[in-house]
Amino acid sequence: MPKDTIKNSIREDASEEFDILFPERFIKNTDYYNSLMMMYRCAIREVSTKLEVLDDEFSVKYKRNPISSIKSRIKTPLSIYNKLQRLGYEFTEQNIREQLNDVAGIRVICSFIDDIYAVAHLLAEQDDITIIRIKDYIQNPKPNGYRSYHMIIEIPVFFAEGKTPIRAEIQIRTIGMDFWASLEHQLRYKKDLGSNEQYALITQKLTECARTITATDNQMQDIKNLIGEYCEF
């Protein structure tokens, strides 16, 4: 087949994919979805600002920063759809808001283990934050070695028509915990290791790495405790 014919065929196939029966409805639903995601992005900004303020206060009072970095993300439409399907719910705005707690995600990376609990406590004490659920995977690691402190919160976000409570998931980890979790996710889920014949060996090595990082985190915390108050320069 000539190249021009192939290109025209591809263009025709692509146009047919968007030749829906009710384009107005499609556009309207897209607008609703984009508006909802905007609300989650605003919730992330609200939480991130609170974290930055706490970090600035530590910097002035204690001459050091407990927070190394703050990362955030919004779940993709496909991820939201798949999770609702697993939970047995339809893909609707109401179900997204009422059934999912982690559409908006904030990851806080701390230097030491006690910084994690300090940041979590200070967030929980703020009167406009409602704690929905806490899962402490530091004290109770997952079987694969995963460690992190998870908080599901609800925070009011102020819009032109009034305030709206939005839920978000906050994960607080040390640098070592984040390093392990990020690489474990890439290796296990991005590469589909479930079908790998060396799956058991890979799982064993990941668990050993988690133990090593745990021991390092604990040793660094012990050193910090021995030094006492210190300043970052």
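Quick caveat: nothing in here was measured; it's all calculated off a predicted structure.

Cut-off values and rules
Residues numbered from 1 in each chain as written. Predicted model: local features only at pLDDT ≥ 70, side-chain atom pairs only at ≥ 80, totals over all residues. Heavy atoms only, no water. Patch = residues over 30% accessible without salt bridge, like charges linked within 9 Å, V, L, I, M, F, W, Y side chains within 5 Å. Areas by Shrake-Rupley, 256 points an atom, 1.4 Å probe, with all protein chains shown as cover. Salt bridge = Lys/Arg side-chain N within 4 Å of Asp/Glu carboxyl O. Helix = DSSP H or I, 4+ residues; strand = E, 2+ residues; numbered from the N terminus. Buried < 20%, exposed > 50% of the residue type's maximum accessible area, 1.4 Å probe, protein only. Phe/Tyr/Trp six-rings, centres within 6.5 Å; stacked < 30°, edge-to-face > 60°. Lys NZ or Arg CZ within 6 Å of the ring centre and 35° of its normal.

J.: Any details on a nonpolar patch on the surface? Residues and values, ideally.
T.: Together, L78, Y81 and F91 give the surface a local cluster of nonpolar side chains, amounting to about 300 Å² of exposed area. Secondary-structure assignment places L78 in helix 3 (residues 77-87). By relative accessible area, L78 is classed as exposed at 58%.

J.: Go over the pattern of salt bridges with me, naming the residues and quoting the values.
T.: Close approach of charged atoms lets side chains of opposite charge pair. This structure, assessed with the given rule, holds 11 salt bridges. For K61, the salt bridge is made with E57, and the minimal N-O distance between the two is 3.9 Å. Of this pair, K61 and E57 are both found in helix 2 (residues 23-62), 4 residues apart, which corresponds to roughly one turn of the helix. Assessed through its relative accessible area of 53%, K61 is described here as exposed. A salt bridge links D178 to R173, with the nearest nitrogen and oxygen atoms 3.0 Å apart. Grouping residues by exposure puts D178 and R173 together as buried. What you see here is one network of salt bridges that share partners, running through K71, R107, R173 and D178.

J.: Please set out the packing of aromatic side chains residue by residue, giving values where relevant.
T.: Within this structure, the stated rule accounts for 5 aromatic pairs. Relative to Y62, the ring of F58 lies with its centre 5.1 Å away and its plane at 50°, an arrangement referred to as tilted. With F58 and Y62 both in helix 2 and 4 residues apart, this pair spans about one turn of that helix. Classification of F58 by relative accessible area gives buried; the value is 15%. Since its relative accessible area comes to 35%, Y62 is described here as partly exposed. Grouping aromatic residues by their ring pairs yields a cluster made of Y33, Y81 and F91. K142 extends its terminal NZ or CZ atom over the ring of Y137, reaching a point 4.9 Å from the ring centre. A cation sits over an aromatic face here: K224 above F112, 5.7 Å from the ring centre.

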